[in-house]
Amino acid sequence: MDSVKALTSEDFIKNTNGSQPLWLVPLGLKQWFVQYEITNIEEMDWWQEFKIGDLTIQAQPSQHWSRRSLFDTNESLWASWAFIWPESEATEKFTAWFGGDTAYNPYQFKEIGEALGQVDLAMIPIGAYEPRWFMKTQHVNPLDAVEIFKDVNAKSAFGIHWNTFVLTAEAVDEPPKALESALQKNTIDAELFQAMDIGATWLQ
């Protein structure tokens, strides 16, 4: 709430030459913004697209529960997001995919891979996964993350959803080690799917 209010404050808008943020949100979340008198919102279902210039943004499937209060569990949609830049005279087509916060299933991510054809850069969660009996329906572990990498046909990826604060039972430095092991098990070059530290730069 504080972050959203800061991004829509008069000071922020003044410092960005009068530009108000555009909020792309999954179904069921528009009303949360409206209660704070924020109206520059596009509410999207899975597979719906929104264009900003040449960029196409598409809401895509994900597996997680949702809640913004004690009484609205699973009344809004959860989503992953694709960002598709078309081919131009200067650049090739480029597709990025943000997995967000998700569990794994063998259906939705294969659908995403089929729809996108190829993902040039994927951002896939790798942390907050133990104990599995409790977390497996909402958070992937590194083995699941590698399955997502394969399902969405990713050329390269980096891990998200780890290395910020202790949320679950695994050690905070375990996800990159488990990711390396999962990549070895699947005979995937570890250079293609990295667990970068906060603030790191990856040049390709």
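Residues numbered from 1 in each chain as written. Predicted model: local features only at pLDDT ≥ 70, side-chain atom pairs only at ≥ 80, totals over all residues. Heavy atoms only, no water.

Focus: the pairing of strand 7 (residues 121-125)
Thinking step 1. With 5 of 5 residues buried, strand 7 is to be regarded as a mostly interior element.
Thinking step 2. Every second residue of strand 7 is oriented toward a common face, with L121, M123 and P125 on one face and A122 and I124 on the other, all of them buried.
Thinking step 3. Where strand 6 (residues 94-98) and strand 7 come together, 3 bridges link them in parallel fashion. Of the residues in strand 7, the one forming a bridge with A96 is L121.
Thinking step 4. For the segment spanning strand 6, helix 4 (residues 108-116) and strand 7, crossover handedness is right-handed.
Thinking step 5. Inspection of the sheet shows strand 7 paired to strand 8 (residues 157-160) by 4 bridges, in the parallel sense. (Buried < 20%, exposed > 50% of the residue type's maximum accessible area, 1.4 Å probe, protein only. Helix = DSSP H or I, 4+ residues; strand = E, 2+ residues; numbered from the N terminus. Pairing = 2+ DSSP bridges. Right-handed = clockwise from strand over helix to strand, strands pointing away.)

Here's the deal with the packing of helix 6 (residues 142-151) against helix 7 (residues 174-185)
Thinking step 1. Where helix 6 meets helix 7, the axes come as close as 8 Å, and the angle between the chain directions of the two elements is 50 degrees. Accordingly, the angle class assigned to the pair helix 6 and helix 7 is oblique. With respect to the hand of their crossing, helix 6 and helix 7 are arranged in right-handed fashion. Facing helix 6, whose interface residues are P142, L143 and V146, helix 7 presents P175, A178, L179, A182, L183 and K185. (Axes fitted to C-alpha atoms, helices over the stretch in contact; angles between N-to-C directions. Parallel < 35°, antiparallel > 145°, perpendicular 65-115°, else oblique. Left-handed = near helix turned anticlockwise from the far one by under 90°. Contact = heavy atoms within 4.5 Å.)

Topic: the nonpolar core
Thinking step 1. By size, the foremost hydrophobic cluster in this structure holds 25 residues, and its most contacted members are W97, I124, I148, V152 and F193.
Thinking step 2. Top contributing element to this core by residue count: helix 6, with 4 residues. (Core = buried A, V, L, I, M, F, W, Y, C linked by side-chain atoms within 4.5 Å.)

Let's talk about unusual backbone geometry
Thinking step 1. The step from E130 to P131 runs through a cis peptide bond, and the omega angle for that step is 0 degrees.
Thinking step 2. Secondary-structure assignment places P131 in the loop between strand 7 and helix 5 (132-135).
Thinking step 3. Although it is not a glycine, H161 sits at a positive phi angle of roughly 65 degrees.
Thinking step 4. Residue placement: H161 occurs in the loop between strand 8 and helix 7.

A short note on the environment of L121
Thinking step 1. For L121, the location among the structural elements is in strand 7.
Thinking step 2. Using a relative accessible area of 17% as the deciding quantity, one classes L121 as buried.
Thinking step 3. Between the alpha carbons of L121 and F149 there is a distance of 9.8 Å; along the sequence they are 28 residues apart.
Thinking step 4. Not counting residues within four places of it along the chain, the set of residues in contact with L121 comprises F94, T95, A96, W97, S156, A157, F158 and W202.

Let's talk about the environment of T95
Thinking step 1. Looking at the element boundaries, T95 is found in strand 6.
Thinking step 2. Spatially, the C-alpha atoms of T95 and F83 are 5.7 Å apart, while their sequence positions differ by 12 residues.
Thinking step 3. Aside from chain neighbours lying at most four places away, what touches T95 is F83, I84, L116, Q118, V119, D120 and L121.

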